[in-house]
Amino acid sequence: MRLPQFLLIGAGCALSACTTAAGGQSVSTKSVEAPVDMVEKRSTPWRQIATEQDRQRIRNWYRSWQRALDDARERGAGAQVDAEGILLNPTAALDDPSLPAGEYRCRTVKLGAKGRATLGFVAYDWFRCRVEGQSGQKRMEKLSGSQRPTGRLFPDVGNREIFLGTLALGDEMMTIPYGSDRLRDMAGMVERIGEQRWRLVLPEPAYESLLDVIEIVPAP
């Protein structure tokens, strides 16, 4: 479906199998005990801006991820999930998560289904993304495609940055202000999962899926 552009301001092997990532490293996409989220005990700038809905999305990120993985497997997409390897491993985040300014390629993987949707796994082709600005004032924007998140990246404790933004759909030229439309607001975490490889994790999106993961790599 088509969604509008984002506005900004803004957990081995228990799932069902282990997959092998590049370099022969075994990674798990199976359920394990949720990690402790120390971020809740600190005050960070993004919390002053995020809506209660989005603070809850980020607070419950692990629960949402496991629910999405379970739903995808129940709908027969276990092989596709495993094929993505580390990208869909909830505990794969590495240190130094900061996403530098620059031009990127990005692809979206949608996990789980809600409403009338029947597919538990959908992977899209590569699109263009861009990151502008410096720490504390960075923005990320998906430049092409029918669903385009646009938002601000906030420093955070631990191995993630926080994304707060909005969704632009179709041929919309304007983005709407963050916090003005619950169905357009988006919140998630940027994590580094390899050398020159990141992901934007968006728990509980408003449309279609239970979790969206956007893979991000530098443009050639």
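Residues numbered from 1 in each chain as written. Predicted model: local features only at pLDDT ≥ 70, side-chain atom pairs only at ≥ 80, totals over all residues. Heavy atoms only, no water.

Colleague: How should I be thinking about the overall build of the protein in this particular structure?
Modeller: Helix and strand counts for the protein come out as three helices and 11 strands. For the protein, the α and β elements follow one another from N to C terminus as β-β-α-α-α-β-β-β-β-β-β-β-β-β. Put simply, the protein has 220 residues, and 51% of those count as buried. Summed over all atoms, the accessible surface of the protein reaches about 10,200 Å², with 50% contributed by carbon and sulfur. (Helix = DSSP H or I, 4+ residues; strand = E, 2+ residues; numbered from the N terminus. Buried < 20%, exposed > 50% of the residue type's maximum accessible area, 1.4 Å probe, protein only. Areas by Shrake-Rupley, 256 points an atom, 1.4 Å probe, with all protein chains shown as cover.)

Colleague: Just to check I follow, could you spell out the pattern of salt bridges for this structure?
Modeller: Close approach of charged atoms allows side chains with opposite charge to pair. Enumeration according to the criterion identifies 15 salt bridges in this entry. Salt-bridge contacts for Lys110 lead to Glu208; the nearest nitrogen and oxygen are separated by 3.2 Å. Taken together, the positions of Lys110 in strand S3 (residues 102-111) and Glu208 in the loop between strand S10 (197-203) and strand S11 (211-218) put the pair 98 residues apart, joining distant regions of the chain. A salt bridge links Asp156 to Arg160, with the shortest nitrogen-to-oxygen separation between them at 2.9 Å. Across the pair, Arg160 and Asp156 agree in class, each one buried. Here the salt bridges do not stand alone but share partners, grouping Glu84, Arg107, Arg197 and Glu215 into one network. (Salt bridge = Lys/Arg side-chain N within 4 Å of Asp/Glu carboxyl O.)

Colleague: Help me understand the state of the cysteines in this model?
Modeller: Following the criterion strictly, the structure yields one disulfide and no others. Paired by a disulfide, Cys106 and Cys129 hold their sulfur atoms 1.9 Å apart. Disulfide Cys106 to Cys129: torsion about the S-S bond roughly 80°, handedness right-handed. Of this pair, Cys106 sits in strand S3 while Cys129 sits in strand S5 (residues 127-132), and the two are 23 residues apart along the sequence. With respect to burial, Cys106 and Cys129 carry one shared label: buried. (Disulfide = S-S within 2.5 Å.)

Colleague: Can you walk me through the nonpolar core in this structure?
Modeller: A general feature of soluble globular proteins is that nonpolar side chains tend to end up buried together. With 29 residues, the main nonpolar core has Trp65, Leu88, Leu111 and Leu164 as its most contacted residues. Of all the secondary structure elements, the ones that give two or more residues to this core are helix H2 (61-74), S3, strand S8 (161-169), strand S9 (185-194) and S11. With sequence-adjacent residues up to four places away left out, Trp65 is seen in contact with Leu87, Leu88, Asn89, Pro90, Leu111, Glu191, Arg199, Val201, Leu211 and Val213. Core analysis: the second largest hydrophobic core is formed by 17 residues, Leu99, Val131, Met186 and Leu202 among them. (Core = buried A, V, L, I, M, F, W, Y, C linked by side-chain atoms within 4.5 Å. Contact = heavy atoms within 4.5 Å.)

Colleague: Before we go on, may I ask you to explain the side chain of Glu84 in this structure?
Modeller: Residue placement: Glu84 occurs in the loop between helix H3 (78-83) and S3. In this structure, Glu84 is in contact with Arg107, Val109, Phe121 and Ala123, ignoring residues within four places of it in sequence.

Colleague: Help me out: how do you make sense of the packing of aromatic side chains in this one?
Modeller: The description of an aromatic ring pair rests on the distance of the ring centres and on the angle between the ring planes. Counted under the stated rule, the structure contains three aromatic pairs. Arranged with centres 5.6 Å apart and planes meeting at 85°, the rings of Trp61 and Tyr62 form a pair that is edge-to-face. Between Trp61 and Trp65, the aromatic rings sit 6.1 Å apart at their centres with planes inclined by 70°, giving edge-to-face as the arrangement. A residue pair is termed a helical-turn pair when its members lie 3 or 4 positions apart in one helix, as Trp61 and Trp65 do in helix H2 at four residues. (Phe/Tyr/Trp six-rings, centres within 6.5 Å; stacked < 30°, edge-to-face > 60°.)

Colleague: Explanation requested: H2 in the structure shown.
Modeller: The α-helix winds at 3.6 residues per turn, so residues separated by three or four positions along the chain end up facing the same way. Between its first and last C-alpha, H2 extends 20 Å over 14 residues, near the 20 Å set by a 1.5 Å rise per residue. Of all 14 residues making up H2, 10 are buried, and the element is well covered by its neighbours. For H2, the full list of buried residues reads Trp61, Tyr62, Ser64, Trp65, Gln66, Ala68, Leu69, Asp71, Ala72 and Arg73. Looking at the buried positions of H2, the neighbouring elements they touch are helix H1 (52-59), H3, S3, S9, S10 and S11. Among the residues trailing H2, Gly76 stands out with phi positive, at a value near 90°. (Expected span 1.5 Å × (residues − 1).)

Just geometry here; none of it tells us what the structure is for.
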